[in-house]
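In case you want the letters, here they are:
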Amino acid sequence: MYFSSYKSSFGEIILVGTRDFLTHLNFIGQKHYLYGLTGKQLHASELPIFKLTKRWLDVYFSGDIPNFTIPINPIGTNFQKKVWSLLSLIPYGSTRNYGDISRLIDPKKPLYRAVGSAISYNPILIILPCHRVISSNGSLGGYAAGVDIKHKLHKLELSNSSAKSIITF
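Residues numbered from 1 in each chain as written. Predicted model: local features only at pLDDT ≥ 70, side-chain atom pairs only at ≥ 80, totals over all residues. Heavy atoms only, no water.

**A look at the packing of aromatic side chains**
Counted by the stated rule, this structure contains 6 aromatic pairs. Centroid distance Tyr 60 to Phe 61: 5.5 Å. Interplanar angle 80°. Geometry classified as edge-to-face. Assigned by exposure class, Tyr 60 and Phe 61 land together as buried. Pairing Tyr 60 with Tyr 92 gives two aromatic rings, centres 6.1 Å apart and planes at 80°, and the pair type is edge-to-face. Highlighted residues: Tyr 60 in helix H1 (residues 48-61) and Tyr 92 in the loop between helix H2 (78-87) and strand S5 (96-97), separated in sequence by 32 residues. The class of Tyr 60 is buried, set by a relative accessible area of 0%. Feature note: the residues Tyr 6, Phe 10, Trp 56, Tyr 60, Phe 61 and Tyr 92 constitute an aromatic cluster, connected by ring pairs. Note that Arg 55 overlies the ring of Phe 68, its terminal NZ or CZ placed 4.4 Å from the centroid. (Phe/Tyr/Trp six-rings, centres within 6.5 Å; stacked < 30°, edge-to-face > 60°. Buried < 20%, exposed > 50% of the residue type's maximum accessible area, 1.4 Å probe, protein only. Helix = DSSP H or I, 4+ residues; strand = E, 2+ residues; numbered from the N terminus. Lys NZ or Arg CZ within 6 Å of the ring centre and 35° of its normal.)

**Examining the pattern of salt bridges**
Tallied over the full model, the rule gives 5 salt bridges. Across the pair Lys 54 and Glu 46 runs a salt bridge whose closest N-O atoms are separated by 2.9 Å. According to the relative accessible area criterion, Lys 54 is buried, its value standing at 16%. One salt bridge connects Arg 132 with Glu 157, and the closest N-O pair in it is separated by 2.9 Å. Taken together, the residues Arg 132 in the loop between helix H4 (112-120) and strand S6 (133-134) and Glu 157 in helix H5 (residues 147-158) connect sequence positions 25 residues apart. Each of the two residues, Arg 132 as well as Glu 157, counts as buried. (Salt bridge = Lys/Arg side-chain N within 4 Å of Asp/Glu carboxyl O.)

**Remarks on the pairing of strand S3 (residues 22-27)**
Most of S3 is tucked away, with 6 of its 6 residues classed as buried. Where strand S2 (residues 11-17) and S3 come together, 5 bridges link them in antiparallel fashion. By the bridge assignment, Ile 13 is partnered in S3 with Phe 27. If you look at the hairpin formed by S2 and S3, you'll find 4 residues sitting between the two strands. (Pairing = 2+ DSSP bridges.)

**Quick look at the packing of H2 against H4**
At a closest axis distance of 9 Å, the pairing of H2 and H4 adopts a crossing angle of 80°. When the axes of H2 and H4 are compared, the pair comes out roughly perpendicular. Between H2 and H4, the residues in contact are Phe 79, Gln 80, Val 83, Trp 84 and Leu 87 and Ala 114, Val 115, Ala 118 and Ile 119, respectively. Of the residues that constitute the contact of H2 with H4, the class distribution is 8 nonpolar, 1 polar and no charged. (Axes fitted to C-alpha atoms, helices over the stretch in contact; angles between N-to-C directions. Parallel < 35°, antiparallel > 145°, perpendicular 65-115°, else oblique. Contact = heavy atoms within 4.5 Å. Nonpolar A, V, L, I, M, F, W, Y, C, P; charged D, E, K, R; others polar.)

**Considerations on the environment of Phe 61**
Among the structural elements, Phe 61 can be located in helix H1. A residue is classified by how much of its surface remains accessible, and Phe 61, at 15% relative accessible area, is buried. In this structure, the C-alpha to C-alpha distance between Phe 61 and Leu 153, residues 92 residues apart in sequence, is 8.8 Å. If we skip the residues at most four places from it in the chain, Phe 61 touches Tyr 6, Ser 8, Phe 10, Ile 13, Ile 126, Leu 153 and Leu 156.

**A few points about H5**
Here H5 contains 12 residues, and its C-alpha end-to-end distance of 16 Å stays within 8% of the 16 Å for a straight helix at 1.5 Å per residue. Within the span of H5, buried status applies to Ile 149, Lys 150, Leu 153, His 154, Leu 156 and Glu 157. The buried residues of H5 occupy an angular sector of 160° when the element is viewed end-on, so they sit on one face. In this structure, H5 carries Lys 155 and Leu 158 as exposed residues pointing more than 90 degrees from its buried face. (Expected span 1.5 Å × (residues − 1). Arc of directions from axis to C-beta.)

Shown next, in the form of structure tokens:
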């Protein structure tokens, strides 16, 4: 596993991955920081995957939607990966609530808490846009990197809400 860092206007971000896939995009010190990497040795590197991710982040933080995707392989359980894949369906500049995500998994069984827990462990922030998930009452709710950053991400996307989400798995 390899890592690199990226300085955004919202804080420093660490990128972790293999030669072929991004596995983590975390703000330094966030909740569940580097989830799933306990005991793994990380080596500093400027792999092509990190250069591509940094280019994606540059476009995103400039207020535009990147027109290319990043190969990702988030580390988590099958249920977590299912929830995280559904995040990519939330259009840029839009929001959904935990119930919306729950109903996509099982329309008959409320899974709000399980969905919320999976979202809180999302290892690839921004690219897997868990910041677009809000509470059913319309409040922002929590965010692993802090509600202040979540608010800033919403504000950034709303400044360009005519863009379409092109994030794919």
